[in-house]
Amino acid sequence: PRLWCGHPAPYAEQAQNGQEDPARIRTRFPPEPNGYLHIGHAKSICLNFGLARDYGGYCHMRFDDTNPVKEDQEYVDSIKESVQWLGFDWKHGEENNLYFASDYFQWMYDCAEHLVKTGFAYVDEQTPEEMHANRGTLTEPGKNSPYRDRPIEENLRLFREMRDGKHAEGSMVVRAKIDMASPNINLRDPAIYRIRFAEHHRTGNKWCIYPMYTFAHPIEDTLENITHSICTLEFEDQRAFYDWALERSIPVLRGPQFEEAKAILLQMSKGEDPRALAFMRACYQHRNKLGLSAPEKALAEILDAWSDNLGPEKLMGIRAESFWALLLTQPEHYTPLLQAALDVVRPNFFLLSHQYEFNRLNLSHVVVSKRKLIQLVKENLVSGWDDPRMPTIFGLRRRGYTPEAIQLFAERCGVSRVAGGLIDYSVLEACLREDLEGRAMRRIGVVHPLKLIIDNYPENQTETLTAPNHPQKPELGTRELTFSRELWIDESDFAEVPPKGYRRLTIPADGSEAKPVRLRYAYVVVPTSVDKDENGKVIAVHCRYLPETKSGSAGSEAVKTKAAIHFVDAKTAVKAEFRLYDRLFAVAQPDAVDADYRTLLNPDSLKVVEGYIEPALATAQPDEKFQLERTGYFVADRIDHKPEHPVFNLSVGLKENKMK
Ligand code: ATP
Ligand code: MG
Ligand code: MG
C-alpha cells in the first residue's frame, strides 16, 4: 500500500517488496504561510534540509496552512522562493515533496472522529472562560468539564453537526480526553477541533471546522513518514500530546499495518506462535511508561496480576486468555501497547514520527516574529517585506546577503537545547564579509564626495590606469580607471583640523610643507590650499602631483607616503545613489524592553546619499555585489538599480560594527 501523499511507507515497502524507503530519514520544513520567512526560519531550513542532505534523506516542503484566517497565496509564493534562493530543493529524484497540510483535512477529521468513537475525545460546550478557569494551574489540577462524560453517540452526533455547520462559532470544541490532573498542562484535555466559518485560501468553504495546530502537526508528519520532526524548544511540553495523538490514531493513519497487526495478534493468541511470550513480556515492560488511560488500565491490571508467573508453561493460562480477549476485542484502545509490543515481533512496525526540539534563533537589533514583522510592514515603518533592513530572507537578499553567508551563519549558530541565547547581529555580518572577501570584485565608489584639483596637471589630459579586480586574486583580472585634473575623493580623507595621528590629506596651519599622500593606482599628491563656500565649508582641495611617482613605475617608491586614498575621475565618474543601512533597532533586544518595540527603531538605520562611482559600476547587474575599496561591501539594488540611475546598498562595512 502506498500513502496517497506520494511516497511509500517504509514498513510497507520493506515488508512487501523487499525495498527500502529511498530516504533514510525524512525531515520537513513546515512554515505557516502567514508572512515572509525570516532569519530564524533560515536556521530551521538549513537544519532540516541540511540534515536530510547529510544523512541520505529527504526534506519535505510543507505549508502548514490549517489556520484559515491569516494565510495567503502571496506568502506561499514568497516562502517557496526563499527556500530555493537559500539553495535547497524539495524535489528528490522522482519525488516532489511539496505538501499542503490543508490537503490532509479529511485525514485529520477522520482521526478526530476515531478518537470520539473510541472514547478518547468529547465535545465540550463550556465557554472559553469556563474552560480556562477549569484548566487549573501549575500547582493545582484542573476540573473535569461537565460534558466530559457524554455518551460516545452524543459526541459523535455533535461533532458531525459541527462539521455540517449546524453550530455557531465558539459554541463548542472537541477536546482530547486525557487527564485534567496531569502535571503537564498540555495534557489537560487539549482542544483538537474548533468551529471557524472562514474561507480557506485553498479549500474555500469546504470546511467550517479546523484542527488545532498541535493535533494537526503529528498527523501531517506521520502521513508523510517524517522520521525527525524538528521544532523549537517551546514545543517540548507538547511532545507528550504529539505521541498521544499519534498512538491513538494508528488505526486511521496506519490502516493496513493495523489490520495486519490484528491478524498477528490473533494468530499469537491461539498459543502456537513462539513470539507470543516475547510479545507479552514487552507489553508488561511497557505498561507503566505509556501513560495508560482508563480503558487500558484494565489491561495493565491483568498484566500486573499475571506478571509473577510469566513463565512459558503458564502463558496459556486463564489470565493470558483474558489478556488476548481484551486486546483483540478493542485493539484501537491499546495501540500504545500494541506498538511497543509489536516492535518485538517486527521493529518499527508502526512507523510514527517523533518530535525533537532545538533552540530558536534570537538575533540582536531586529525582531524575529512574523507577527511583529507584519506590523512593521503594514504601518509603513519599513518600505516592505524586502526592505534591506528587515531580517526577512527577502530583506537580507536585497541587502546583499548571499545564500552561502546565511548558511554559514546557521552553521555557526549551531543547534543546542539551551533556550534564550541571543546572537549578536555582528556575527551575521561577519559571515557575509567572510563569504564576499574572497570573491567580490573590488571597485571604487566615493560615497561622500569632495573635489580634489591637481593644479599642475594639464587641463585636457586624461590617462588610463590599470587596477586589479581583486588584490589577492590576479586570475580575476583587471579593469581600467581614468585619471585627470579633477577628481572626487571622500570627504573623510581630508581634514582641515586633523585629529591626532591623522595621516591623510591635511594642510598644516603653521605653513609648513604638507605630507604627501598616494592616490591609489595613480600618483602621489601634496595638498596646497582649499576653496570654501560662503559658510566656510571646504568644497575643494587643491594639490600638486609628483609625476615621477605613478604606481607601478620605476619611481613609484621614490616618495614615501603614510596613506593611500581612493578617488574617481570627475570626468568619467557616474553619479550614484548610495543607501547606507544600519541596524533596524537601536537596542539589542527590542522585544525584551518594556516599551513598544516600534518606538525603538534606529532613526539612523537608513541614510541616502549621492556620490560617484567608477564607470564600470554603472553597468553592474542588479544584485551584483562588490567591495567598494576602503568603504564596504555594496550590492546593486535588485529593484531600483538602473545604468542611468545606479543605486547601491551598503551590505556590510569592512570592519566589525559593534552596536550596544
Ligand atoms: P513566527 O513566530 O515568526 O511566526 P513561527 O514559529 O510561528 O515563527 P512557522 O511558520 O510556524 O513560524 O515556522 C516554521 C518553522 O520555522 C518551524 O519549524 C519553526 O520551528 C521554525 N522557526 C521559526 N522561527 C524560528 C527561530 N527564530 N529560530 C529557529 N527556528 C524557527
Ligand atoms: Mg507558527
Ligand atoms: Mg510564532
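As annotated in an unreviewed UniProt entry, the chain carries the name 50S ribosomal protein L25 and is attributed to Parasutterella secunda. If you open the UniProt record of the chain and go to Sequence similarities (unreviewed entry), you find "Belongs to the class-I aminoacyl-tRNA synthetase family."

Across its full length, the chain carries 18 helices and 27 strands. At 34 Å, the chain has a C-alpha radius of gyration far larger than the 26 Å of a compact globule built from 660 residues. For the chain, the spread of C-alpha atoms along the three principal axes comes to 115 × 50 × 40 Å. A burial count over the chain gives 40% of its 660 residues as buried. Pairs at least 24 residues apart make up 70% of the contacts formed inside the chain by residues separated by at least 6 positions.

Core analysis: the biggest nonpolar cluster contains 92 residues, and Ala42, Ile489, Phe567 and Val568 have the highest contact counts within it. With seven residues, the top contributor of residues to this core is helix 2 (residues 39–54). When residues no more than four places from it in sequence are discounted, the contact partners of isoleucine 489 are Val446, Leu450, Leu452, Phe494, Ile565 and Phe567. The next biggest cluster of nonpolar side chains, apart from the first, holds 59 residues, and it includes Tyr104, Phe241, Trp244 and Leu303.

Glancing now at the pairing of strand 25 (residues 625–628). In strand 25, alternate side chains face the same way, and those of Lys625 and Gln627 on one face and Phe626 and Leu628 on the other are all buried. Inspection of the sheet shows strand 12 (residues 441–443) paired to strand 25 by three bridges, in the parallel sense. Residue pairing for strand 25: arginine 443 is matched across the bridge by leucine 628. Linking two consecutive strands that pair antiparallel, namely strand 25 and strand 26 (residues 632–636), is a turn of three residues; a positive phi of about 65 degrees is found at arginine 630 within it.

A few words on helix 17 (residues 425–437). With 13 residues, helix 17 extends 18 Å from end C-alpha to end C-alpha; this agrees with the ideal 18 Å at 1.5 Å per step. Within the sequence span of helix 17, burial applies to Tyr425, Leu428, Glu429, Cys431, Leu432, Arg433, Asp435 and Leu436. Buried residues belonging to helix 17 abut helix 16 (403–413), strand 25, strand 26 and strand 27 (647–653).

What follows is about the sheet that holds strand 24 (residues 606–613). Strands sit in the order 12-25-26-27-23-24-13 across an open sheet of seven strands; the sheet is mixed. With one partner strand each, in any of the chains shown, strand 12 and strand 13 (445–446) form the two edges of the open sheet. In terms of strand pairing, strand 25 meets strand 26 through four bridges, oriented antiparallel. Each bridged residue has a counterpart across the sheet, and for phenylalanine 626 the counterpart in strand 26 is phenylalanine 634. Against the sheet, helix 17 engages strand 25, strand 26 and strand 27, with an angle of about 110 degrees to strand 27.

Of the residues in the chain, 91% reach a pLDDT of 70 or more, and the chain-wide mean stands at 89. Counting contacts from residues 1–18, a segment whose pLDDT is below 50, to residues more than four positions away or on other chains yields 29 contacts. The ipTM assigned to the predicted complex is 0.96, against a pTM of 0.91.

The immediate surroundings of ligand 1 are formed by 14 residues, with Pro31, Gly40, Ser44, Arg360 and Lys370 found nearest. The set of elements that each furnish at least two residues to the shell around ligand 1 consists of helix 2 and strand 10 (228–232). With four residues, the top contributor of residues to the shell around ligand 1 is helix 2. Grouping the amino acids of the shell around ligand 1 by side-chain chemistry returns five nonpolar, five polar and four charged.

Now for the sheet that holds strand 8 (residues 191–195). Read from one edge of the open sheet, four strands run 6-7-8-9, paired in antiparallel fashion. Taken across any chain shown, the strands that pair with only one partner, and hence form the sheet edges, are strand 6 (121–124) and strand 9 (209–211). Averaged over all neighbouring strand pairs, the angle between strand axes comes to 20 degrees, with direction disregarded. Sheet topology note: the strand 7 (residues 173–176)/strand 8 ladder contains three bridges and is antiparallel. Among the inter-strand pairings, arginine 175 is bridged to a residue of strand 8, identified as alanine 191. Helix 4 (residues 105–117) rests against strand 6, strand 7, strand 8 and strand 9 of the sheet, and its axis sits at about 95 degrees to strand 6.

A separate point is the environment of serine 229. Residue placement: serine 229 occurs in strand 10. According to the C-beta neighbour criterion, serine 229 is buried, with 24 such atoms within 10 Å. Placed 11 residues apart in sequence, serine 229 and proline 218 show a C-alpha to C-alpha distance of 8.5 Å. When residues no more than four places from it in sequence are discounted, the contact partners of serine 229 are Arg28, Asp221, Ser353, His354, Gln355 and Tyr356.

The rules behind the values
- In every chain, residue numbers begin from 1 and rise along the written sequence.
- In the order they appear in the text, chains get letters beginning with A and ligands get numbers beginning with 1.
- Local features in this predicted model are restricted to residues of pLDDT 70 or higher, and side-chain atom pairs are both shown and tallied only at a pLDDT of 80 or more, whereas totals for entire chains, interfaces and linings draw on every residue.
- UniProt positions are given in the numbering used here, feature names are shortened, and annotations may be inferred rather than shown by experiment.
- For the purposes of this entry, the term helix denotes a DSSP run of H or I that reaches at least four residues, the term strand denotes a run of E that reaches at least two, and both are numbered from the N terminus.
- Throughout, the radius of gyration refers to the C-alpha atoms, and the reference size of a globule is 2.2 Å times the residue count to the power 0.38.
- Partly exposed residues are those falling between the two cut-offs: more than 12 but fewer than 20 other C-beta atoms within 10 Å of their own, whereas 20 or more means buried and 12 or fewer means exposed, with C-beta atoms placed from the backbone.
- By the convention adopted here, residues make contact when the C-beta atoms placed from their backbones lie within 7 Å.
- Buried Ala, Val, Leu, Ile, Met, Phe, Trp, Tyr and Cys residues whose C-beta atoms connect them within 7 Å together make up a nonpolar core.
- Paired strands, in this sense, are two strands between which DSSP finds at least two bridges.
- Each residue after the first adds 1.5 Å to the expected span of a helix.
- With axes taken as lines fitted to C-alpha atoms, and helix axes fitted only over the stretch in contact, angles between N-to-C directions fall between 0 and 180 degrees.
- Every residue is assigned a pLDDT by the predictor, reflecting its confidence on a scale from 0 to 100.
- By definition, a residue lies near a molecule or strand provided its backbone-derived C-beta atom is within 6 Å of it.
- Three residue categories are used. Nonpolar comprises Ala, Val, Leu, Ile, Met, Phe, Trp, Tyr, Cys and Pro, charged comprises Asp, Glu, Lys and Arg, and polar comprises the others, including Gly.

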